[in-house]
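An overview of the molecular structure
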Protein chains: 6
Amino acid sequence: MKKIALFPGSFDPFTNGHYDIVNRGLLIFDQIIIAIGHNTTKKRYFEVAKIASELKKVFAHKPQISVTTYEELTTDVAKKHNATFLLRGLRNSTDFEYEKSIDQINKDLYPELETVFLMTKPENMAISSTIVRELHKFGADITKYVPISFT
Amino acid sequence: MKKIALFPGSFDPFTNGHYDIVNRGLLIFDQIIIAIGHNTTKKRYFEVAKIASELKKVFAHKPQISVTTYEELTTDVAKKHNATFLLRGLRNSTDFEYEKSIDQINKDLYPELETVFLMTKPENMAISSTIVRELHKFGADITKYVPISFT
Amino acid sequence: MKKIALFPGSFDPFTNGHYDIVNRGLLIFDQIIIAIGHNTTKKRYFEVAKIASELKKVFAHKPQISVTTYEELTTDVAKKHNATFLLRGLRNSTDFEYEKSIDQINKDLYPELETVFLMTKPENMAISSTIVRELHKFGADITKYVPISFT
Amino acid sequence: MKKIALFPGSFDPFTNGHYDIVNRGLLIFDQIIIAIGHNTTKKRYFEVAKIASELKKVFAHKPQISVTTYEELTTDVAKKHNATFLLRGLRNSTDFEYEKSIDQINKDLYPELETVFLMTKPENMAISSTIVRELHKFGADITKYVPISFT
Amino acid sequence: MKKIALFPGSFDPFTNGHYDIVNRGLLIFDQIIIAIGHNTTKKRYFEVAKIASELKKVFAHKPQISVTTYEELTTDVAKKHNATFLLRGLRNSTDFEYEKSIDQINKDLYPELETVFLMTKPENMAISSTIVRELHKFGADITKYVPISFT
Amino acid sequence: MKKIALFPGSFDPFTNGHYDIVNRGLLIFDQIIIAIGHNTTKKRYFEVAKIASELKKVFAHKPQISVTTYEELTTDVAKKHNATFLLRGLRNSTDFEYEKSIDQINKDLYPELETVFLMTKPENMAISSTIVRELHKFGADITKYVPISFT
């Protein structure tokens, strides 16, 4: 059976940390679906459509990776795509506590779903979407932190 | 002297985690006042009045438990109700650091007030009001996580 | 029914942090039993008998507090003394994770046992038995950190 | 060479915790520039101009300390003032993880910049700008927590 | 290519927490090698040979799982067995910080090695080998916490 | 007045993490004394004399750095060398909680002593003396992790 994993997130924006996790995830999974969550009530900095189209270009040469967007529960998107795995990166202990809670709730909602965690590499440990947005807002060059071009 | 504890929170919504803490709190205190804090400048998801009326039904058979709402400092509500204890649950280390700071400030404002902490049970550890709101927003069934009916 | 709490620990030595927790515990419990755990396979720095006899003097004027020693499971000592509560102090997030695990196992072994946690006061936050032993070993004056005289 | 440090923050408001860190920072640095960051898109509770003018009074007798405001990247302000150090206080492990990330990004943006951390004193550990704002909003007396008069 | 994972640990003893992680690991890997590390200079409570023989019985019906013992670097054992993955469970933030460091060093020693983390289930979160040893030492029944019989 | 800092530790062994902190410390202090603590009751892996002599070679070209050994309280060594600063690196939140307690006790024992913390660089975050000892014990090449030759 093919191992399909969902890599969910708001990706506002998608960073090199995310990029590394997806690529290492290919060692484990046959197919990875990057799922960009958006929420009509929560304002984004980078548009979902922009992130999605750039990500498709970034991963164009890797047919095992696809990109989708969603506005529902993560577990529902996973079911819809026959994904029985979630893929997540862990950076620090604050991340950890949050992910632990989410994992437990996801297991309640979809018991067949298994979340697989990889440690973020040291050089990406400090990169969060929040920090990248701050840098971008102040006109700093963010190309060092993201695989996508925002020009 | 009767031991009176305030159980303060925004309870947006009141979860099974809160429910369990209140019930175990009855082993310690003679009277527990559930105090639903609201803040005119901060938007809620569930209405205070709705939560309050449902909670009164939930605890109708337990005369030691009462329900109130407030829009002031927690320590002031405690004083008003002659409560010399606060009751709080602890889920994880993020909670812990927050509660430690609040406890210290409360002691400054009302030195006679003692905060008593109970550990959340493993099965409730992942349930937070924030997660329950998210689930509700996406139409998931939350009855498993809350003692109140939201129909 | 009388509320009896066990305050277990190795107390090697008993510090001002412990002292403060016991005293504040009296606001909650009718009786507190300080239970000094020792373990024949683990070497102590201060003798159990010395700590026990000093503690009896320290709390001589408080009939609600008694002192005992034990070499068994904490839950078994609690049962033997009809204690349905454990009393514990929390200093930092490392403490917290440890106490959370112990609490869960204790509930397995003795479901009627409830552990009540109080936050250590800021001025006692840094005082651990380990640090006090280190200071004592190097000849520093530890009277500032312990309620007991070690002369 | 003169050692110049920037002490950046939103200081909404400037607390006794901040005050203590700046004063202890003078043991290390020849000059400290308190830099009040503001962000046109994020609403403040206390006005930047008010905080700045009060801080100038508070530190009027200490010529090594100056006060400025900024609306750009912290590293850019540091460069502008020839500051090769940032000064930051650490209160708890949540603070710590955040500061660790920021430090790493700052090193990327400005490799000559070194961030120096001091531990917040126990008596100030619980004081955060967020808590002080809450207290002020509910009419509590905050003079105990801030070096500035808000009358 | 077959996905082979090493599940290393001292397993003194092997707990239900470990058992659950191995079983869930089978959803990801084709083969899992449980590797019991021992260290001639560090005293164990349960004998390696005993744990190994019991584990072989426990997993006798699962040909994808094998059991080995080792006295070398974990990365060297992984290489020897052609394992390109390590499997590890995460219980709490103390675990997390430790695992993060080990992961980084392992990547240095063996760059092709990827460590996959699964969250321990809530009901196993409190079970550590250390606690189980303590319980056993005091004569408590540990069958609830371990898949192996120690009779 | 000259700014003298003590950089205390057991340095068993001295790692690249320590090396980096000392070097960055020179940006702040006029003189840094590396103080290798040893404790007759605690067994070391690398001999104090060996570490001391190698460190002297490593820093031979930097006259601002000296090396000493001690068997007393850290604060007493600091006093003896007229050091009014301690220099310490911070790697993770477990480190942080420990350092916070030690800092508070040190302030009690020697109020004029200020501890200055620097964040360990990402590439050194995983390197601890404990891990390096483990690697060495199993015959791994540790030259990547330490500035000293152990041949």
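The structure we're discussing is the one just above.
First things first, this report covers the structure right here in the doc. Remember, predicted model here, so these are calculated numbers, not experimental data.

What counts as what
- Residues numbered from 1 in each chain as written.
- Chains lettered and ligands numbered in written order.
- Predicted model: local features only at pLDDT ≥ 70, side-chain atom pairs only at ≥ 80, totals over all residues.
- Heavy atoms only, no water.
- Contact = heavy atoms within 4.5 Å.
- Buried area = accessible area lost by both parts, 1.4 Å probe.
- Salt bridge = Lys/Arg side-chain N within 4 Å of Asp/Glu carboxyl O.
- Buried < 20%, exposed > 50% of the residue type's maximum accessible area, 1.4 Å probe, protein only.
- Helix = DSSP H or I, 4+ residues; strand = E, 2+ residues; numbered from the N terminus.
- Pairing = 2+ DSSP bridges.
- Right-handed = clockwise from strand over helix to strand, strands pointing away.
- Expected span 1.5 Å × (residues − 1).
- Polar contact = N/O pair within 3.5 Å; in protein donor to acceptor, adjacent residues only side chain to side chain.
- Least-squares fit on C-alpha atoms with pLDDT ≥ 70 in both.
- Nonpolar A, V, L, I, M, F, W, Y, C, P; charged D, E, K, R; others polar.
- Axes fitted to C-alpha atoms, helices over the stretch in contact; angles between N-to-C directions.
- Parallel < 35°, antiparallel > 145°, perpendicular 65-115°, else oblique.
- Left-handed = near helix turned anticlockwise from the far one by under 90°.
- 1 Å grid on protein atoms, 1.4 Å probe; cavity = no way out; pocket = protein on both sides within 12 Å on 5 of 7 lines; lining within 4 Å.
- Points joined across faces, edges and corners; volume = space filled by probe spheres on them.
- Phe/Tyr/Trp six-rings, centres within 6.5 Å; stacked < 30°, edge-to-face > 60°.
- Lys NZ or Arg CZ within 6 Å of the ring centre and 35° of its normal.

1. A look at the interface of chain E and chain A
Contact with chain E, which involves 24 residues of that partner, is made by 24 residues of chain A. Carbon and sulfur atoms make up 67% of the surface buried where chain E meets chain A, a total of about 2,300 Å² over both sides. Among the residues of chain E in contact with chain A, E:F96, E:E114 and E:M119 are the three that bury the most area, contributing 27% of the side total. Viewed at the interface, chain A and chain E are joined by 2 salt bridges.

2. Looking at the pairing of strand β2 (residues 31-37) of chain D
Note on strand geometry: in a regular strand, side chains alternate between the two faces of the sheet. All names here are of chain D. Taken across its 7 residues, β2 has 6 buried, putting it largely inside the fold. Sheet analysis places strand β1 (residues 4-9) next to β2, joined by 6 bridges and oriented parallel. In the strand pairing of β2, F7 is matched with I34. With respect to chirality, the unit in which β1 leads through helix α1 (residues 16-25) into the neighbouring parallel β2 is right-handed. Examined bridge by bridge, β2 and strand β3 (residues 65-70) share 6 bridges and lie parallel to one another. In the sheet register, I34 faces β3, and the bridge partner there is V67. Following the chain from β2 across helix α2 (residues 48-58) to the adjacent parallel β3, one finds a crossover that is right-handed.

3. Some thoughts on helix α4 (residues 93-109) of chain D
Residues spaced three or four apart along an α-helix face the same direction, because each turn holds 3.6 residues. All names here are of chain D. The end-to-end C-alpha separation of α4 is 25 Å, in line with the 24 Å expected for 17 residues at 1.5 Å each. Within α4, 12 of the 17 residues are buried, which leaves the element mostly enclosed by the surrounding structure. Looking at α4, one finds that the buried residues are S93, D95, F96, E97, E99, K100, S101, D103, Q104, I105, N106 and K107. Sitting at the amino-terminal end of α4 is N92, which places a side-chain oxygen 3.1 Å from the backbone nitrogen of T94.

4. Notes on unusual backbone geometry
In this structure, the amide linkage connecting D:D12 to the following residue, D:P13, adopts the cis form with an omega of 5°. Of note, D:P13 is situated in the loop between β1 and α1. Despite not being glycine, A:N82 shows a phi value in the positive range, around 55°. Note that A:N82 resides in the loop between α3 (74-80) and β4 (85-90). For A:N82, a relative accessible area of 58% corresponds to the exposed category. Non-glycine residue D:F11 carries a positive phi angle of around 45°. Structurally, D:F11 is set in the loop between β1 and α1. By relative accessible area, which is 2% here, D:F11 ends up buried.

5. A short note on the relation of the copies chain E and chain A
Least-squares fitting of chain E to chain A yields an RMSD of 0.0 Å, with the superposition described by an axial translation of 0.0 Å and a rotation of 180°. Such a combination of rotation and displacement between the chain copies is what one expects of a two-fold axis. Proximity to the rotation axis, assessed at the C-alpha, singles out E:F117 in chain E; its C-alpha lies 2.4 Å from the axis. Of the interface residues in chain E, 100% have counterparts in chain A that sit at the interface too, so the contact is made through matching surfaces.

6. Some points on the interface of chain C and chain B
Contacts between chain C and chain B engage 24 residues on the former and 25 residues on the latter. For the pair chain C and chain B, the summed buried surface comes to about 2,200 Å²; carbon and sulfur atoms form 67% of the total. The largest contributions to the chain C side of the interface with chain B come from C:F96, C:E114 and C:M119, which together make up 26% of the buried area. On inspection of chain C and its partner chain B, the count reaches 2 salt bridges. Between B:E114 and C:R24 there is a salt bridge, with its nearest N and O atoms 2.6 Å apart. The interface formed by chain C and chain B holds 5 residue pairs in polar contact (both at pLDDT 80 or more) in total. Only β4 (85-90), α4 (93-109) and β5 (114-119) of chain C provide two or more residues apiece to the side of chain C that touches chain B. Per-element accounting of the side of chain C that touches chain B gives the leading share, 8 residues, to α4(C). Of the residues belonging to the side of chain C that touches chain B, the class tally is 11 nonpolar, 4 polar and 9 charged.

7. What about the packing of helix α4 (residues 93-109) of chain B against α4(C)?
Contact pair α4(B) / α4(C): the axes reach a minimum separation of 10 Å and the direction vectors enclose 125°. Regarding the angle of α4(B) to α4(C), the classification is oblique. Between α4(B) and α4(C) lies a crossing whose hand is right-handed. Facing α4(B), whose interface residues are B:S93, B:F96 and B:E97, α4(C) presents C:S93, C:F96 and C:E97.

8. Some thoughts on empty space enclosed by the protein
What the rule picks out here adds up to 8 cavities of 30 Å³ or more. Forming the boundary of the largest cavity are 18 residues, of which A:S93, B:S93, D:S93, E:S93 and F:S93 lie nearest the centre. Elements represented by at least two residues in the lining of the largest cavity include exactly α4 (93-109) of chain A, α4 of chain B, α4 of chain C, α4 of chain D, α4 (93-109) of chain E together with α4 (93-109) of chain F. Its volume calculated, the second largest cavity comes out at about 80 Å³. Taken together, A:P122, A:M125, D:K100, E:E97, E:K100, E:S101, E:Q104, F:R91, F:N92, F:P122 and F:M125 make up the lining of the second largest cavity. Classifying every residue of the lining of the second largest cavity by side-chain character gives 4 nonpolar, 3 polar and 4 charged.

9. Describing the side chain of E:T15
Examined against the element boundaries, E:T15 turns out to sit in the loop between β1 (4-9) and α1 (16-25). Those residues in contact with E:T15 that sit more than four places away from it in its chain are E:I127, E:S128, E:S129, E:V132, E:Y145, E:V146 and E:P147.

10. A closer look at the packing of aromatic side chains
Taken as a whole and judged by the stated rule, the model has 45 aromatic pairs over all chains. Seen from their ring centres, B:F7 and B:F14 are 6.5 Å apart, and the 85° between their planes marks the pair as edge-to-face. According to the relative accessible area criterion, B:F7 is buried, its value standing at 2%. What links up through ring pairs into an aromatic cluster is the set A:F7, A:F11, A:F14, A:Y19 and A:F59. Residue placement shows F:K79 over the ring face of F:Y110; its charged tip is 5.3 Å from the ring centre.

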